[in-house]
Amino acid sequence: MSQAEAAIAGAGRVRNPLWTLGILRSELTTTLRRWRTLALLGVLGAVPVLIGIAVKIETNHGSSPGPGGGGGGPAFLSQVTNNGLFLVFAALAVTLPVFLPMAVGVVAGDSIAGEANAGTLRYLLVAPAGRTRLLLTKYASVLTFCLVATLVVALSALAVGALLFPVGEVTTISGTRIGFAEGLARAGLVAVVVAASLIGFAAIGLFVSTLTSSGIAAMAATVGLLITVQIVDTIPQLSGIHPYLFPHYWMSYADLLRDPVYWEEVVKNLGLQGLYAAVFGSAAWARFTAKDITA
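Rules and cut-offs
Residues numbered from 1 in each chain as written. Predicted model: local features only at pLDDT ≥ 70, side-chain atom pairs only at ≥ 80, totals over all residues. Heavy atoms only, no water. Helix = DSSP H or I, 4+ residues; strand = E, 2+ residues; numbered from the N terminus. Buried < 20%, exposed > 50% of the residue type's maximum accessible area, 1.4 Å probe, protein only. Contact = heavy atoms within 4.5 Å. 1 Å grid on protein atoms, 1.4 Å probe; cavity = no way out; pocket = protein on both sides within 12 Å on 5 of 7 lines; lining within 4 Å. Points joined across faces, edges and corners; volume = space filled by probe spheres on them. Nonpolar A, V, L, I, M, F, W, Y, C, P; charged D, E, K, R; others polar. Expected span 1.5 Å × (residues − 1). Arc of directions from axis to C-beta. Phe/Tyr/Trp six-rings, centres within 6.5 Å; stacked < 30°, edge-to-face > 60°.

**Here we look at the environment of Leu 38**
Relative to the helices and strands, Leu 38 is located in helix 3 (residues 35–60). According to the relative accessible area criterion, Leu 38 is partly exposed, its value standing at 40%. The contact partners of Leu 38, leaving out residues within four places of it in the chain, are Leu 32 and Arg 33.

See the structure below:
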């Protein structure tokens, strides 16, 4: 039975938490089984593999990758050859500015507009979930994808790093050394913070998705907005507005590798993401609840 048919079949049911969980489970299953979603996760999982192989080849040629070796590269890359755990941090540094948010933008942008374009949105609304509950379910599904996508990058990097490089005690940014278990715990915390860094952008994508009935247009607009904001964030003359842009504090997760942990910018980042989620989530709700669903 399709998602739309299941919604129609449940039209007479009484609203309850179990029904909400059923909608969420159905939405997550549909999202994560799409070939487009699987392809996005595959690309994200391949990035750490490519980085690890490139670093290994460069190391075998006798040169040191990353800033410390004069080869350039993202943060933490120079530490990968000494400890494979750093491939997790390097991979997240590579994917967070572009690949991760683009994947989230595609999923978020298609969440409502894709259903409208396929003609299944009005059938979903026949169910007793209501527009508000359906919108919250869609957003929860996108947030779950944020976490899944981040974990795919982190776990792929961890596996490749352990396979190609030695692992052991971790040297923090502060110069102190912590045990591998604590380093692994911090890597997990970093992954969670990176996923949480995308909740504001996910809300923006959801809002854009309510503005059109074309999934492709919503995805393109969301990704285009991401690129535009990131360009603005690099212009020195506009530094006054940089702290208010959603990607400005994305790389603050590096402070979790200090000893002791430096929380100030991490908290700023999470607070800013919460603000964006509240503003654009409310805008999405206002638009979706008043939208004339004809398809």
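**Looking at empty space enclosed by the protein**
One way to see where empty space is left: roll a probe the size of a water molecule over the atoms. Using the criterion set out here, one finds 1 cavity of 30 Å³ or more in the structure. Along its surface, the largest cavity is lined by Glu 27, Thr 31, Arg 34, Val 107, Ser 111, Lys 138, Ser 141 and Val 142. Those elements that place two or more of their residues in the lining of the largest cavity are helix 2 (17–33), helix 5 (99–118) and helix 7 (130–164). Broken down by element, the lining of the largest cavity gets its largest block of residues, 3 residues, from helix 7. Among the residues forming the lining of the largest cavity, the class breakdown is 2 nonpolar, 3 polar and 3 charged.

**Some words on helix 10 (residues 215–232)**
Between the first and last C-alpha of helix 10 there are 26 Å, a value that for 18 residues agrees with the 26 Å anticipated at 1.5 Å per step. Listing the buried residues of helix 10 in full gives Gly 215, Ala 218, Met 219, Thr 222, Val 223, Leu 226, Val 229 and Gln 230. Down the axis of helix 10, the buried side of the element spans an arc of 125°, and every buried residue falls inside it. Opposite the buried face of helix 10, at more than 90 degrees from it, the exposed residues are Ile 216 and Ala 220.

**So, the packing of aromatic side chains**
Tallied over the full model, the rule gives 6 aromatic pairs. Relative to Tyr 276, the ring of Phe 246 has its centre 5.7 Å away and its plane inclined at 75°; by these criteria the two rings are edge-to-face. Remark: Tyr 276 occurs in helix 11 (residues 264–290) and Phe 246 occurs in the loop between helix 10 and helix 11; sequence separation between them is 30 residues. You can call Tyr 276 buried: its relative accessible area is 16%. An angle of 5° between the planes, with centres 5.9 Å apart, marks the rings of Tyr 276 and Phe 280 as stacked. One end of the pair is Tyr 276 and the other is Phe 280, both in helix 11 and 4 residues apart, which spans about a single turn. Cluster of aromatic residues (ring-pair linked, three or more members): Phe 201, Phe 207, Phe 246, Trp 250, Tyr 276 and Phe 280.

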